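Understanding the architecture of this molecule
Below are the chains, spelled out letter by letter.
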Amino acid sequence: MKVIPYGRQNITEDDITAVVETLKSDYLTQGPRIAEFETAFAEYIGSTYAVALANGTAALHLCAMALGVEEGDKVITTPITFAASANCIRYCGGEVVFSDIDPDTYLLDIEKVRTLLSASPKGTYKGIVPVDFAGRANNLEAFRALANEYDLWIIEDSCHSPGGFFKNADGDIQNCGNGNYADLAIFSFHPVKHIASGEGGMITTNNKELYEKLLQLRTHGIVKNDGLYTNSIEFAGGLDNYPGWYMEMQNLGYNYRITDFQAALGHSQLLRANEGIERRRHIASVYFDAFKGQSFIKSQSGTIEGHAYHLYVIEVNDRLGLYNHLRDNNIYAQIHYIPCHLMPYYRGLGFSEGDFPHAEAYYKHCISLPMYPTLTDGEQHFVIEEIKRFFS
Ligand SMILES: *Cc1c(COP(=O)(O)O)cnc(C)c1O
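For the structure given in this document, a descriptive report is provided here. Throughout this document, residue positions are counted from 1 along each chain, in the order its sequence is written. Only residues with pLDDT of at least 70 get local features here, since the model is predicted, and only at 80 or more are side-chain atom pairs given and counted; chain-wide, interface and lining totals rely on the full set of residues. In computing side-chain values, all of the structure's heavy atoms are included and hydrogens and water are not.

Bringing the overall build of the chain into the picture now. Within the chain, the secondary structure is distributed over 14 helices and 16 strands. Computed over its C-alpha atoms, the radius of gyration of the chain comes to 22 Å, within 12% of the 21 Å expected for a compact globule of 392 residues. Projected onto the principal axes, the alpha-carbon positions of the chain cover approximately 85 × 55 × 45 Å. Counted over contacts in the chain with a minimum sequence separation of 6, partners at least 24 positions apart contribute 73%. For the chain, the exposed area adds up to about 17,300 Å²; of that, 51% sits on carbon and sulfur atoms. In the chain, which carries 31 positive and 48 negative side-chain charges, the distance between the mean positions of the two groups comes to 5 Å. Secondary structure follows DSSP: runs of H or I at least 4 residues long count as helices, runs of E at least 2 residues long count as strands, and numbering of each begins at the N terminus. Just to be clear, the radius of gyration here is over C-alpha atoms, and the globule rule we use is 2.2 Å times residues to the power 0.38. Whether two residues touch is decided by their heavy atoms; if any such pair falls within 4.5 Å, the residues are in contact. Values of accessible area rely on a 1.4 Å probe in the Shrake-Rupley scheme; residue burial ignores everything except the protein chains shown. Here the positive residues are Lys and Arg and the negative ones are Asp and Glu; neither His nor the chain ends is included. Charge placement uses NZ in Lys and CZ in Arg. For Asp and Glu, CG and CD serve respectively.

Time to look at the sheet that holds strand 16 (residues 366-369). Two strands pair under a simple rule: DSSP has to find at least two bridges between them. Across the sheet, three strands lie side by side as 13-14-16; this open sheet has antiparallel pairing. This sheet does not close on itself; its edge strands, each paired only once, are strand 13 (297-299) and strand 16. Neighbouring strand axes in the sheet, compared pairwise and without regard to direction, differ in orientation by 35° on average. As judged from the four bridges shared by strand 14 (residues 312-316) and strand 16, these two strands associate in the antiparallel manner. Bridged to I314 within strand 16 is I367. Lying on the sheet, helix 10 (residues 273-291) is in contact with strand 13, strand 14 and strand 16; it crosses strand 14 at an angle near 20°. For every element, the axis is a line fit to its C-alpha atoms; helices are fit only across the contacting stretch, and the angle between N-to-C directions ranges from 0 to 180 degrees. Against the sheet, helix 11 (residues 319-328) touches strand 14 and strand 16, its axis set at about 25° to strand 16.

Taken in spatial order, the seven strands make up an open sheet running 2-10-9-6-5-3-4, and their pairing is mixed. Both outer strands of the open sheet, strand 2 (49-53) and strand 4 (95-98), are each paired with one neighbouring strand and no more. Geometrically, the sheet is characterised by an average inter-axis angle of 25° between neighbouring strands, direction not taken into account. Seen against the sheet, helix 6 (residues 140-149) touches strand 5 (125-129) and strand 6 (153-157) and runs at an angle of roughly 155° to strand 6.

Let us now look at the site of the ligand. In these notes, residues near a molecule or strand are those with any non-hydrogen atom within 4 Å of it. Surveying the vicinity of the ligand reveals 16 residues, the closest of which are G56, T57, D157, S188 and K193. Contact distances for the ligand include 2.5 Å between an oxygen atom and a side-chain N or O atom of T57. Interatomic distance of 2.7 Å between a side-chain N/O atom of S188 and an oxygen atom of the ligand. Within the complex, the protein chains bury 92% of what would otherwise be the 380 Å² of accessible surface of the ligand. Mapped by element, the contributors of at least two residues to the shell around the ligand are helix 3 (56-66) and helix 4 (84-91). Any pair of nitrogen or oxygen atoms within 3.5 Å is treated as a polar contact; in protein, a donor-acceptor pairing is required on top of that, and neighbouring residues in sequence qualify only through side-chain atoms on both sides.

Under the pairing criterion, centres of Phe, Tyr and Trp rings, with the six-membered ring standing for Trp, must be within 6.5 Å; the plane angle then separates stacked pairs below 30 degrees from edge-to-face pairs above 60, leaving the rest tilted. This structure, assessed with the given rule, holds 24 aromatic pairs. One aromatic cluster is present, built from ring pairs that chain together F82, Y106, F133, Y337 and Y362. Should the NZ of a Lys or the CZ of an Arg lie within 6 Å of a ring centre and within 35 degrees of the ring normal, that charge is described as sitting over the ring. Its end group placed over the ring of Y363, R319 keeps NZ or CZ at 5.1 Å from the ring centre. Taking the ring centre of Y332 as reference, the NZ or CZ of R327 above it sits at 3.7 Å.

A separate point is the nonpolar core. Among buried residues, those of type Ala, Val, Leu, Ile, Met, Phe, Trp, Tyr and Cys that are joined through side-chain atoms within 4.5 Å constitute a nonpolar core. Each residue is placed in one exposure class: buried if its accessible area under a 1.4 Å probe, protein chains only, is under 20% of its type's maximum, exposed if it is over 50%, and partly exposed if it falls in between. In terms of nonpolar packing, the biggest core is built from 74 residues, with I89, F133, I203, Y287, F291, Y312 and I314 touching the most fellow members. In terms of residues, this core owes the most to one element, helix 3, which gives seven residues. Dropping the residues within four chain positions of it, I203 is found in contact with Y49, A50, V51, L53, A59, L62, C63, L184, A185, I186 and L214. Core analysis: the next-biggest nonpolar cluster, separate from the first, contains 20 residues, V97, I128, L140 and F143 among them.

What follows is the structure in structure tokens.
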């Protein structure tokens, strides 16, 4: 019997052709497919700039670097996320300050963040990393207003939400990662995410200065621009101009580049992104209707509109029982997430059980059901029937 996972990629003949053509081209990396993917992605999201990277974690790391996170800088994020949202602060020596989730949306509770900020002098915290968990957009207009009061930057972790949006106070649609409110936003192209490139990531922004920093940091901190060099023309070995080979490493960067064949795959997948979102929203509406009025199942609160549905999360009482029952029927549901602050690494930094009651209560009950565009109606029906059978 076929396994039904919680998420999976969909590779078409067009995707394969795009990759094979790139493999036969002159560039496997540092070629034209990367900029093409960036331009198309920025257009899809509605941001001015996009920088493609090796993975979403590299994207987070470079965001923290570009924003100047240093030893001891305090940054606020949610415990209900993939560890990388917090780890990027640690890579730069910063201090992660978790803050509890809203028990119904499962997103960072802005009122709790406000309380945290107001309890310390201005300047204590440097930034916030809201996560569009499961694909549900944060109200970034509200986070921006709060961040401005305290001079904070915002990195939006949009790994779950390409194609998701919220409506601002004027009723305008604001795509996740569009750069209107967050300083930087990041995406991942891991195969369980909406757009797969094997490994891959993207940063979007409307800030030119940050954009230029990111391009440099992605390639070792190397600059290739006559106007920016600090060594002399004479040292470089030229006469009136810098010679053609010359370049300078001006900052400590990394090799966080994506390859051209990954970019080609990501770009090919992006062309079907809207279809994928529509299918995800349809699947969500079927789950939602099937569980309506079932007292033993709680769904994430909020509307289907604007939700990108990376995950369809529910809370149930006998979570272990349901997980095992589904597993016995080849339905591989998953748990997102074990609270980040209770990972042994973060416990080692001083966090402990009881710190964030909503996140911890959520973890006791949550389970992510199969959610991906190629999940068939029949498969979803089977999943729903097995859940109902378990509870009856
Ligand atoms: C997947 C994910 C990441 C990391 O992305 P990778 O490409 O796997 O490095 C970061 N944050 C969240 C919320 C994610 O889901």
